[in-house]
Amino acid sequence: MKIAIASDHGGYTLKNYLADHLKEQGYTFHDFGVFSDESVDYPDFALRVAEAVSSGEYTLGIICCGTGIGVSIVANKVPGVRAAHCHDTFSARMGREHNDANILTLGERVIGRGLAVEVVDAFLKGKYAGGRHACRIDKIAEIEAKYLRQVEGR
Ligand code: RB5
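The sections below set out a description of the structure shown in this document. (Residues numbered from 1 in each chain as written. Predicted model: local features only at pLDDT ≥ 70, side-chain atom pairs only at ≥ 80, totals over all residues. Heavy atoms only, no water.)

We now examine the overall build of the protein. In terms of helices and strands, the protein carries 6 helices and 5 strands. Here the C-alpha radius of gyration of the protein, 15 Å, is about what a compact globule of 154 residues would show, namely 15 Å. C-alpha extents for the protein along the principal axes are approximately 45 × 35 × 25 Å. By residue count, 45% of the 154 residues in the protein fall in the buried class. Residue pairs at least 24 apart in sequence account for 69% of intrachain contacts in the protein once pairs closer than 6 positions are excluded. Counting only carbon and sulfur atoms, one obtains 51% of the accessible surface of the protein, whose full area is about 8000 Å². Each charge class in the protein was averaged separately, 18 positive and 20 negative side chains, and the resulting centres sit 7 Å apart. (Helix = DSSP H or I, 4+ residues; strand = E, 2+ residues; numbered from the N terminus. Rg over C-alpha atoms; globule rule 2.2 N^0.38 Å. Buried < 20%, exposed > 50% of the residue type's maximum accessible area, 1.4 Å probe, protein only. Contact = heavy atoms within 4.5 Å. Areas by Shrake-Rupley, 256 points an atom, 1.4 Å probe, with all protein chains shown as cover. Lys, Arg positive; Asp, Glu negative; His and termini not counted. Charge placed at Lys NZ, Arg CZ, Asp CG, Glu CD.)

Shown next, in the form of structure tokens:
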């Protein structure tokens, strides 16, 4: 499993903390920035992870900002991304099991580090259940395809 991580300045400290955790746990991951707490625009960094996951190069992504909301909105604009904004372990696990979520978003200004690590672990260890959920995931893909066709004029 290859994991892509990123943050804006608002999620910089949490992202680094989670990167240390991933390293300790032996996960393979790439940090797409930021690398300082200088103010940036969160769409730029959320997009890096969203495209890395959408392309299939990375299996899962984790993106942090101040609230986790902005990066979630951005990531969910990219076809193939199903970003789950979670601050509890139940949602993180269910996001994987039911929604086949492939990106987790977190807010540094919302959640403590200890819980954030547990949320990340629940997300990474969660397994998509398939079955009755598959047709719902297919419907999400159909919605994406409908709007992509409109954009392309097909
Ligand atoms: C940055 O101040 C903040 O707006 C950003 O990190 C995030 O919370 C946006 O959703």
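We are not done yet, so read on.
Below, the discussion takes up helix α2 (residues 42-54). Between its first and last C-alpha atoms α2 spans 18 Å; for 13 residues at 1.5 Å apiece the expected length is 18 Å, and the two agree. Looking only at α2, the buried set comprises Phe45, Ala46, Val49, Ala50, Ala52 and Val53. What you see down the axis of α2 is that its buried residues fit within an arc of 160°, all on one side. The secondary structure elements touched by the buried residues of α2 are β1 (2-7), β3 (60-65), α3 (69-75) and β5 (103-107). Positive backbone phi, at 90°, marks Gly56, one or two positions downstream of α2. (Expected span 1.5 Å × (residues − 1). Arc of directions from axis to C-beta.)

Honestly, that's just the spatial picture; any functional story needs more than this.
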